Amino acid sequence: MSENAMGSTMVEEQFVFGERALSYAREFAGHKKKVGGIPVAWLEKTMWKLGLEVYKQPFSRTLPFPDEKHERYMVKGTNVYGILRAPRAASTESLVLSVPCSTGQHNSQAVGLMLALASYFRGQIYWAKDIIFLVNEHDLIGMEAWLEAYHDVNVTEVLSSGMLGRAGAIQAAVSLELSSDVITSFDVAVEGLNGQLPNLDLVNLFYAFCQKNGLLCTIQGKLQRTDWDTLPSYVHSLQTLLLMVLKQGSGRPQGDHGLFLRYHIEAITVRGINSFRQYKYDMGTVGKTLEGMFRKLNNLLERLHQSYFFYLLPSLARFVSIGVYMPAFGFLILILVLKALDLWMKLSKCDVGPEEQLCDGDRGAAHAAAEESRPGLLTLVPPLLICHATGLTLYFLPVLGQHVATQHFPVSESEAVVLTVIAIYVAGLALPHNTHRVLTGCGSERGWMTLKLLSLLYLAMLLGCITLINFSLGFLLAVTMVPVAAIVQPKGPKYLYAVLLVLVTPAVTLLLSIVLYQELIEYPISALECWQLFLQAVSEGLLDHYLYGSIVFPFIALFVYPCWLLLWNVLFWK
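None of these values were measured; they are calculated from a predicted model.

Right, let's talk about the state of the cysteines for a bit. Two cysteines, two sulfur atoms, one covalent bond between them: this is a disulfide. In this structure the tally under the stated criterion is zero disulfides. In this structure cysteine 563 is not part of a disulfide, and its nearest cysteine sulfur, from cysteine 387, lies 9.2 Å away.

So, about empty space enclosed by the protein. Applying the stated rule across the entire model yields one cavity of 30 Å³ or more. By volume, the largest cavity is sized at about 40 Å³. Every residue lining the largest cavity is listed: Arg61, Ile141, Glu144, Thr156, Val158, Leu547 and Tyr548. Within the residue set of the lining of the largest cavity, elements represented by two or more residues are helix 5 (139–150) and helix 20 (527–548). Across the lining of the largest cavity, the residue classes break down as four nonpolar, one polar and two charged.

Attention shifts here to a nonpolar patch on the surface. Taken together, the side chains of Phe331, Leu334, Val337, Leu338, Leu341, Trp344 and Met345 make up a nonpolar region of the molecular surface, amounting to roughly 720 Å² of accessible area. Summarising the element assignment, phenylalanine 331 is placed in helix 10 (residues 322–352).

Take the packing of aromatic side chains next. In this description, a pair of aromatic rings is defined by centroid distance and the angle of the planes. Applying the stated criterion across every chain yields a total of 25 aromatic pairs. Between the aromatic rings of tryptophan 146 and tyrosine 150, the centroid separation amounts to 5.0 Å while the plane-to-plane angle is 25°, which identifies the pairing as stacked. Of the two residues, tryptophan 146 and tyrosine 150 are both situated in helix 5; the distance of four residues between them amounts to about one turn of the helix. Residue classification places tyrosine 150 among the buried residues on the basis of a relative accessible area of 7%. Relative to phenylalanine 396, the ring of tyrosine 395 lies with its centre 4.6 Å away and its plane at 85°, an arrangement referred to as edge-to-face. Since its relative accessible area comes to 14%, tyrosine 395 is described here as buried. Taken together through their ring pairs, the aromatic side chains of Phe15, Phe17, Tyr120, Phe121, Tyr126, Trp127, Phe133 and Phe294 make up a single cluster. Taking NZ or CZ as reference, arginine 20 lies 4.1 Å from the ring centre of phenylalanine 17, over its face. Seen from the ring of tyrosine 126, arginine 295 lies directly overhead, with NZ or CZ sitting 4.4 Å from the centre.

Glancing now at the nonpolar core. In this structure, Leu113 and Trp146 are the most contacted members of the largest nonpolar core, which totals 172 residues. No other element matches helix 21 (residues 552–571), which puts 15 residues into this core. In this structure, leucine 113 is in contact with Phe15, Ala21, Leu176, Leu178, Met283, Val286, Gly287 and Leu290, ignoring residues within four places of it in sequence.

Bringing the confidence of the model for the protein chain into the picture now. Summing up the model confidence of the protein chain, the mean pLDDT is 87 and the portion of residues at 70 or higher is 91%. Low pLDDT, under 50, characterises residues 354–358; the stretch is placed with 13 contacts to residues that sit more than four places away or in other chains. Of the regions scoring below 50 in pLDDT, residues 368–373 engages in four contacts with residues more than four places distant in sequence or in other chains.

This part takes up the pattern of salt bridges. Throughout the structure, instances matching the rule amount to ten salt bridges. With its nearest N and O atoms 3.3 Å apart, the salt bridge here joins lysine 129 to glutamate 93. With a gap of 36 residues between them, lysine 129 in the loop between helix 4 (108–122) and strand 4 (130–137) and glutamate 93 in strand 3 (residues 93–101) connect regions that are remote in the sequence. Of the charged contacts, one joins arginine 252 and aspartate 544 as a salt bridge, the two residues approaching to 2.5 Å between their closest N and O atoms. Note that arginine 252 is positioned in the loop between helix 7 (231–250) and helix 8 (257–260) and aspartate 544 in helix 20, a separation of 292 residues in sequence. Relative accessible area serves as the criterion here: at 26%, arginine 252 is assigned to the partly exposed category. Residue aspartate 544 is classed as buried on the basis of its relative accessible area of 5%. Residues joined by salt bridges that share partners form a network here, namely Glu53, Arg85 and Asp130.

How each quantity is defined
- Residues numbered from 1 in each chain as written.
- Predicted model: local features only at pLDDT ≥ 70, side-chain atom pairs only at ≥ 80, totals over all residues.
- Heavy atoms only, no water.
- Disulfide = S-S within 2.5 Å.
- 1 Å grid on protein atoms, 1.4 Å probe; cavity = no way out; pocket = protein on both sides within 12 Å on 5 of 7 lines; lining within 4 Å.
- Points joined across faces, edges and corners; volume = space filled by probe spheres on them.
- Helix = DSSP H or I, 4+ residues; strand = E, 2+ residues; numbered from the N terminus.
- Nonpolar A, V, L, I, M, F, W, Y, C, P; charged D, E, K, R; others polar.
- Patch = residues over 30% accessible without salt bridge, like charges linked within 9 Å, V, L, I, M, F, W, Y side chains within 5 Å.
- Areas by Shrake-Rupley, 256 points an atom, 1.4 Å probe, with all protein chains shown as cover.
- Salt bridge = Lys/Arg side-chain N within 4 Å of Asp/Glu carboxyl O.
- Phe/Tyr/Trp six-rings, centres within 6.5 Å; stacked < 30°, edge-to-face > 60°.
- Buried < 20%, exposed > 50% of the residue type's maximum accessible area, 1.4 Å probe, protein only.
- Lys NZ or Arg CZ within 6 Å of the ring centre and 35° of its normal.
- Core = buried A, V, L, I, M, F, W, Y, C linked by side-chain atoms within 4.5 Å.
- Contact = heavy atoms within 4.5 Å.
- pLDDT = per-residue confidence, 0-100.

Laid out in structure tokens, this is it:
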């Protein structure tokens, strides 16, 4: 670990409240079943008995369209949190232990362990930071409501009561998910909203305590191998790396921790897995691991900043830093720049005279082209405007027109939104014909070369910008779109180019990514199941944007899709 305050010595854990954690879990599950939701009164009463400052936060959120996966439209809930004040310092800094509470008996053991840890932490005197114990309802929506209220902002239009109690500035957070009395391994999730990642020191800290307590620890659900220099180990690491790329590229937070990263709070989600492995670990061992982590975080003198924020993880013991993978991405972008430079040189030579043109065709055709009125930059305005107007329609119309669609077609609101997105997306294939209707004098080669030059530079700029935010998303788009964008032209095997362009469109990339992901997790699916997952991914992408501020859908709709349409216009240039 790079942080000196956490890497000097290991603490000695003394958590012995494992049975108490199970007792709390059973009691919480009983009250939850009785009231049909989160037992707010019981949680407040229990936390008060433990000596915490207890507060609750009601919230509500109306979704832009119904979420059929979770069967919800108008979401109402209550977050309950208790604050353990630091006895040795002012309330200037704090740590968070959060537990998502959803329907059913899921995560009852996590609530029990959190309460047992609060009881144990209350009796210690070495705390220099406040500790917040949070039970959030409705998973990510509840967490977003709590974070917005805590920081006194409102970026997603969620309605909630004001925050009555606050601790210090949050330095780090851990989200805990347990659904069994015993576990066989821990799985850690690091991917946050828009591909953000926590500081690598926090991941290393968790892995170090898992090793110390003998806990098996996985990432992407895969246990790392010990034979590093064998071919099966390299394949295993590649599969783990690809899973992280696909999850990060989706822009979806893979746990409640993903929303903390927006506020520059380092956070991870820890999931207890109970599988068929031989070794089982009880609540005492799990509690010691979390106790050790919080005691080391309590020693921090400043925010985590020494280690990497941009990395890829083939395993928990090894990582790929930004200095290794960014040059590879740079070479992909270099293809676009060199091709654009080549087009620029050809256009410059076309300006010299028809005799020196490098454009294809015989000399007579060159003289004929020279006699035509050469298109200026204004002739490129219609395709640019039409393509971006299509992108704007793709972004705004599905949600705004859902009620009109449900009145005229036998579909639900959610189905109407998704089908409208697909309809507008496919309708873009007819744009070249409509674009050329408003073009005059643009039939020369100079016209399509200028348009392709602009498209290549536009694509290079888009990929370069998104890679600085979400490398995996930029890489997935670059590795598919760049080769085809470089070779497409209105001459040669036009139908082959058309098929290749369709195969690298973002929608097909999403579909192929779903197939690849299912193969990597060793759960292959049929074509019908793949199509259903595709529709679900489109719906969740829109919801993530409107609920949490994900930028993937607007980036694709407003920028990448219009850029692809420009290349489609180049291919069918007349």
